[in-house]
Amino acid sequence: MKTLSENKCFGGVQGVYAHASTSCNCDMTFGLFLPQEARDGPVPVLWYLSGLTCTHENAMNKAGAQAWAAEQGIALVFPDTSPRGDDVADDDDYDLGQGAGFYVNATQSPWTAHFAMWDYVADELPALLGEHFAIDLSRQAITGHSMGGHGALTLAMGLPGRFRSVSALAPICNPTETEWGRKQLAAYLGADETTWARHDATLMMRQSGFDGPMLIDTGTADQFIDLLRPEALAGAIAERRQQAIFRLQPGYDHSYFFISSFIEEHVTFHAEALWA
């Protein structure tokens, strides 16, 4: 593992690291914020999964989450959104290929060689963090934005007992029913739609739900709201009577201005579960 940078940040350290990934069969980069409490021992960790076209840098640099994580004494992990490199398959469209991994394990050519983002986030990167950093893997929570919100919700419901809480900012809620989903799931997983269900938060909510607190925010002025389909997930939450806070925030769009406006509440929400 290589240390690409380390900067003092709100009393802790914001680092960027690269390593050879066995899951994705290429070099991967991630950001990690450790609060000053990590000097004395392992701290709880909040995962932040980013959206389409993003890298590990976007939320790390724009969301302002480190200030609130430092206040709560928790770590933040910022994985990349896909494998990358000259030998990694890509597409001319921004919503498929590099920058658009959708947090699935691809089974279709040419994606299967590298696109194993589910295994990377669920297994490989947590093991790496536990080995090299003061991270308490018994206390994990997860959040994300847009495609990353989709990933956060599906990982939380797909890995029962792993995460103490889950939240999402403008998540893709029902990808099996929209262009932000059908295109990618077909490309990565093939035409058999039964294999898509475990990557659709609305369908997973109906099937299993989440055993813990959940928080979801979406802006009413989000320019992609018809692709996000928050109403589908809200209906599934109501049908299941899932413990959840589901909010439509008046006038907010899909941007990092929206994310930075509510990230303090999301970090505090997770800290309450992580320190309980």
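Residues numbered from 1 in each chain as written. Predicted model: local features only at pLDDT ≥ 70, side-chain atom pairs only at ≥ 80, totals over all residues. Heavy atoms only, no water.

**Q** Help me understand the overall build of the protein chain in this model?
**A** Secondary structure assignment for the protein chain yields 9 helices and 9 strands. Its C-alpha atoms give the protein chain a radius of gyration of 17 Å, near enough to 19 Å, the size a compact globule of 276 residues would have. Projected onto the principal axes, the alpha-carbon positions of the protein chain cover approximately 50 × 45 × 35 Å. Taking all 276 residues of the protein chain together, 59% fall into the buried category. In the protein chain, once contacts between residues fewer than 6 apart in sequence are set aside, the share between residues at least 24 apart is 72%. Surface exposure of the protein chain reaches about 11000 Å², of which carbon and sulfur atoms provide 47%. Across the protein chain, 16 positive and 34 negative side-chain charges occur, with their mean positions spaced 6 Å apart. (Helix = DSSP H or I, 4+ residues; strand = E, 2+ residues; numbered from the N terminus. Rg over C-alpha atoms; globule rule 2.2 N^0.38 Å. Buried < 20%, exposed > 50% of the residue type's maximum accessible area, 1.4 Å probe, protein only. Contact = heavy atoms within 4.5 Å. Areas by Shrake-Rupley, 256 points an atom, 1.4 Å probe, with all protein chains shown as cover. Lys, Arg positive; Asp, Glu negative; His and termini not counted. Charge placed at Lys NZ, Arg CZ, Asp CG, Glu CD.)

**Q** What is the right way to read helix α3 (residues 117–132) from this model?
**A** Of all the bends in α3, the greatest, near 35°, is centred on E124, and the proline P126 appears no more than four residues after it. Where α3 is concerned, the buried positions are M117, W118, Y120, V121, A122, E124, L125, P126, L128 and L129. Against the buried residues of α3 lie β2 (12–21), β3 (26–34), β4 (43–49), β5 (75–79), β6 (135–144) and α4 (147–158). (Bend = angle between axes of the 7 residues up to and from the residue.)

**Q** Is there a simple way to explain the pairing of strand β7 (residues 166–169) in this structure?
**A** If a strand is regular, its side chains alternate between the two faces of the sheet. Burial of β7 is two-sided: the residues V166 and A168 facing one way and the residues S167 and L169 facing the other way are all buried. Note: β7 against strand β8 (residues 214–219), 4 bridges, orientation parallel. Note on β8: the bridge partner recorded for L169 is D217. (Pairing = 2+ DSSP bridges.)

**Q** Is there a simple way to think about the environment of G181 in this case?
**A** With respect to the helices and strands, the residue G181 is situated in helix α5 (residues 179–189). Along the chain, G181 and D192 lie 11 residues apart, while their C-alpha atoms are 14 Å from each other. Setting aside residues no more than four positions away along its own chain, G181 makes contact with F102, P175 and A186.

**Q** Help me out: how do you make sense of the packing of α3 against α4 in this one?
**A** Angle between the axes and distance between the axes are the two parameters that describe a pair of packed helices. With their axes 12 Å apart at the nearest point, α3 and α4 run at an angle of 60° to one another. It follows that α3 is oblique to α4 by the angle criterion. Where α3 crosses over α4, the two elements pack in a sense that is right-handed. Residues W118, V121 and A122 of α3 lie in contact with α4, whose contacting residues are T154, L155 and G158. (Axes fitted to C-alpha atoms, helices over the stretch in contact; angles between N-to-C directions. Parallel < 35°, antiparallel > 145°, perpendicular 65-115°, else oblique. Left-handed = near helix turned anticlockwise from the far one by under 90°.)

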